[in-house]
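Take a look at the letters that make up each chain.
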Amino acid sequence: MWPRLYPHPERLPRLVFADAEGRIYDHPKFLAMGLSGYDVVLPEREDFIPLPQGSALYVLPDRHPIGFDPEQEKPVVLYENPYSPGEPAFALAAYLAPAHTQLYLCPYVESKRLPPLPLFSYAACGFWRGRFWATAFRSDFDHRQEVRFFDEKRIEERAKAALNRFSGNRLVEHLVVNCVRRYRCPAARNFVLGRFEAPVPTSSSCNARCLGCLSSQDEEGPPVAQERIKFAPTPAEIAEAMVPHLRQAPRAMISFGQGCEGEPLLQADLIAESIRLIRKETARGTINLNTNASLPEAIMYLREAGLDSIRVSLASARPHYYESYFRPRGYSLADVKESIRRMKRLGGFVSLNLFVFPGLTDEEKELKALEEIIALGVDFIQLRNHAIDPLWYLRKINFKPEGNCLGVKGLVDHLAKTFPRLRFGYFNPPLR
Ligand code: SF4
């Protein structure tokens, strides 16, 4: 199941850490370790791949790294920089490039109770033979978000052209000014480049309060990553911008439900009208909805209006962890399952947007609960890295390890055997 795309290090990489100025070092002898739930583990050589292009390395402030001391043959917390005694050493994590899924998180101890880290994923990484390595695998071969295919100059030229072509269209203005120029959103950049999947945000409100919401957070939560859209584009604005995209883009797709908005199902009438307007003009391309799938009736209504696929966000398939993460208002995991049932009954395509968190996602109990949902007819699992402060998250959901983890690759292997028709990836698959 795992084509060998990348080399593995001949030896286990060494621990990496940073000083207060953010300078990065590799430890003279400690080895890099990984975090699975609350367990600190020594990964296998085969778990490491070269840090993929487009990844970032983040220093975790006031958090000390854990490395494996081969002499003592045990994990050790590194409080001080061995190259500058008395100076603190801080943990370093990898924020993986899209299309790569983490196998282990970065292990660290907090110097005190700390506010949560920003909403990124924090994978385990190390250093060996002149390069950085991360515990990950390539989970999708689609190159729609590969940095090497994003030409900044061309993006800005096309962004200007889009503003001229769709002058007065508030949706296009939002996508260009906010998403392309301010947040460098890969989906919005692909829209102005006229290719692949284009984003269509519509909703400024939500019926959940996810701990990891990118666009709305409580006082004590992590910093918001994106400002939430403040208006609802009209069906005419949506059709004007998206019909040309669906007509001509390679592997054309449009997706309602983006990081810069609330829950799109709360705009079901607007989205249904938009789909009808679009399908009057073109049958080409895929119309997808990224959603918390909280409203089964609305899912049916949109499917009947012409929606092709839904992507259902899932941090855990176990009700108590689901509730603790999504903090739903007026719906439950049972409604989410009912939405999947109805979309399948109406012949629609269903993906799970699985927030992969090693030590939780691959626990045997989680697997059992996940299998129940997949058995409803799920077609595709997107193996996304949960973008959240690991220790803060586990505390917030009151995580109680139940052991028996299969490993992320083990989980995927098991699901592939149990559900031979099930496909895996990282991105929404084009269907037409
Ligand atoms: S469902 Fe989406 S918009 Fe709503 S709280 Fe969760 S992440 Fe935010």
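Residues numbered from 1 in each chain as written. Predicted model: local features only at pLDDT ≥ 70, side-chain atom pairs only at ≥ 80, totals over all residues. Heavy atoms only, no water.

**Q** Is there a simple way to think about the packing of aromatic side chains in this case?
**A** By convention here, two paired aromatic rings are described through the distance between centres and the angle between planes. Under the definition given, this model contains 16 aromatic pairs. With 6.0 Å between their ring centres and 45 degrees between their planes, Y38 and F399 make a pair best called tilted. Placement of the pair is Y38 in the loop between β3 (34–36) and β4 (39–41) and F399 in the loop between α10 (390–396) and α11 (408–418), with a sequence separation of 361 residues. By the ring-pair criterion, three or more aromatic residues cluster together here, those being Y322, Y325, F326, F355, F357 and Y393. Between R131 and the ring centre of W133, over which it is positioned, the NZ or CZ distance is 5.2 Å. Over the ring of F150 we find R189; its NZ or CZ atom is 5.0 Å from the centre of that ring. (Phe/Tyr/Trp six-rings, centres within 6.5 Å; stacked < 30°, edge-to-face > 60°. Helix = DSSP H or I, 4+ residues; strand = E, 2+ residues; numbered from the N terminus. Lys NZ or Arg CZ within 6 Å of the ring centre and 35° of its normal.)

**Q** Which parts of the structure should I look at to understand the site of the ligand?
**A** Near the ligand you find C206, A208, R209, C210, C213, R228, E261, G262 and N292, and these make up its full shell. Considering only residue class, the shell around the ligand consists of four nonpolar, two polar and three charged. (Near = heavy atom within 4 Å. Nonpolar A, V, L, I, M, F, W, Y, C, P; charged D, E, K, R; others polar.)

**Q** What exactly am I supposed to notice about empty space enclosed by the protein here?
**A** In this approach, a probe sized like a water molecule rolls over the atoms, and the result shows the empty space that is left. One pass over the full model with this rule turns up two cavities of 30 Å³ or more. Of all elements in the fold, only β1 (14–18), β7 (63–69) and β9 (90–95) reach the threshold of two or more residues within the lining of the largest cavity. Each residue belonging to the lining of the largest cavity can be placed in one class, and the counts come to 12 nonpolar, no polar and no charged. Empty space within the second largest cavity amounts to approximately 30 Å³. Lining the second largest cavity we find D142, R144, F196, E197, R251, M253, N428 and P430. Residues belonging to the lining of the second largest cavity are distributed by class as follows: three nonpolar, one polar and four charged. (1 Å grid on protein atoms, 1.4 Å probe; cavity = no way out; pocket = protein on both sides within 12 Å on 5 of 7 lines; lining within 4 Å. Points joined across faces, edges and corners; volume = space filled by probe spheres on them.)

**Q** Help me understand helix α6 (residues 296–305), please; the structure alone is not making it clear to me.
**A** Residues spaced three or four apart along an α-helix point in a common direction, a consequence of the helix completing one turn every 3.6 residues. Residues P296, A298, I299, L302 and A305 constitute the buried set of α6. In this fold, the buried residues of α6 make contact with α5 (268–281), β16 (286–291), β17 (309–314) and α8 (333–345). Positioned one or two residues after α6, G306 has a phi angle of 125 degrees, which is positive. (Buried < 20%, exposed > 50% of the residue type's maximum accessible area, 1.4 Å probe, protein only. Contact = heavy atoms within 4.5 Å.)

**Q** Help me understand the domain arrangement of the protein chain in this model?
**A** Reports of interface size often rely on the accessible area that becomes lost once the parts have come together. Assigned domains of the protein chain: these are domain 1 (13–138) and domain 2 (147–425). On a C-alpha basis, the centroid separation for the pair domain 1 and domain 2 is 29 Å. Each partner contributes to the interface: domain 1 provides 28 residues, whereas domain 2 provides 30 residues. The largest contributions to the domain 1 side of the interface with domain 2 come from Y38, P116 and L119, which together make up 30% of the buried area. Across the salt bridge formed by E110 and R395, the nearest N and O atoms sit 3.0 Å from each other. (Domains from an automatic or database assignment. Buried area = accessible area lost by both parts, 1.4 Å probe. Salt bridge = Lys/Arg side-chain N within 4 Å of Asp/Glu carboxyl O.)

**Q** Help me out: how do you make sense of the environment of G262 in this one?
**A** Mapped onto the elements, G262 comes out in the loop between β15 (253–256) and α5. Between the C-alpha atom of G262 and that of S309, which follows or precedes it by 47 residues, the distance is 19 Å. Residues within four places of G262 in sequence aside, it is in contact with S203, S205, C206 and R228.

**Q** Could you clarify how one ought to interpret the pattern of salt bridges in this entry?
**A** Two side chains carrying opposite charge are able to pair once their charged atoms lie near each other. On inspection of all chains with the given rule, the structure shows 41 salt bridges. In this structure, E152 and R189 form a salt bridge, with 2.7 Å as the shortest nitrogen-oxygen distance. Placement of E152 in helix α1 (residues 152–165) and of R189 in helix α3 (residues 186–192) is noted, with a sequence separation of 37 residues between them. Across the salt bridge formed by K160 and E156, the nearest N and O atoms sit 3.5 Å from each other. Highlighted residues: K160 and E156, both in helix α1, separated by four residues, approximately one helical turn. Among the residues examined, K160 registers a relative accessible area of 48% and is labelled partly exposed. Overlapping salt bridges bring together E297, E338, R341, R342 and R345 as one network.

**Q** I would appreciate a short explanation of the packing of helix α9 (residues 364–374) against α11 in the present structure.
**A** Packed helices, taken two at a time, are described by their axes: the angle between them and the distance between them. Contact pair α9 / α11: the axes reach a minimum separation of 12 Å and the direction vectors enclose 40 degrees. When the axis of α9 is compared with that of α11, the two are oblique. Seen along the crossing, α9 lies across α11 with a hand that is right-handed. Residue-level contacts link L367, L370, E371 and I374 of α9 to L411, H414, L415 and T418 of α11. When its residues are assigned to classes, the contact of α9 with α11 shows five nonpolar, two polar and one charged. (Axes fitted to C-alpha atoms, helices over the stretch in contact; angles between N-to-C directions. Parallel < 35°, antiparallel > 145°, perpendicular 65-115°, else oblique. Left-handed = near helix turned anticlockwise from the far one by under 90°.)

**Q** Would you explain unusual backbone geometry in this entry?
**A** Comment: phi is negative for the bulk of residues other than glycine, and the bulk of peptide bonds are trans. Notably, R251 is not glycine yet its phi reads approximately 45 degrees, a positive angle. Positive phi, close to 55 degrees, is recorded for N404, a residue that is not glycine. Inspection of the secondary structure assignment puts N404 in the loop between α10 and α11.

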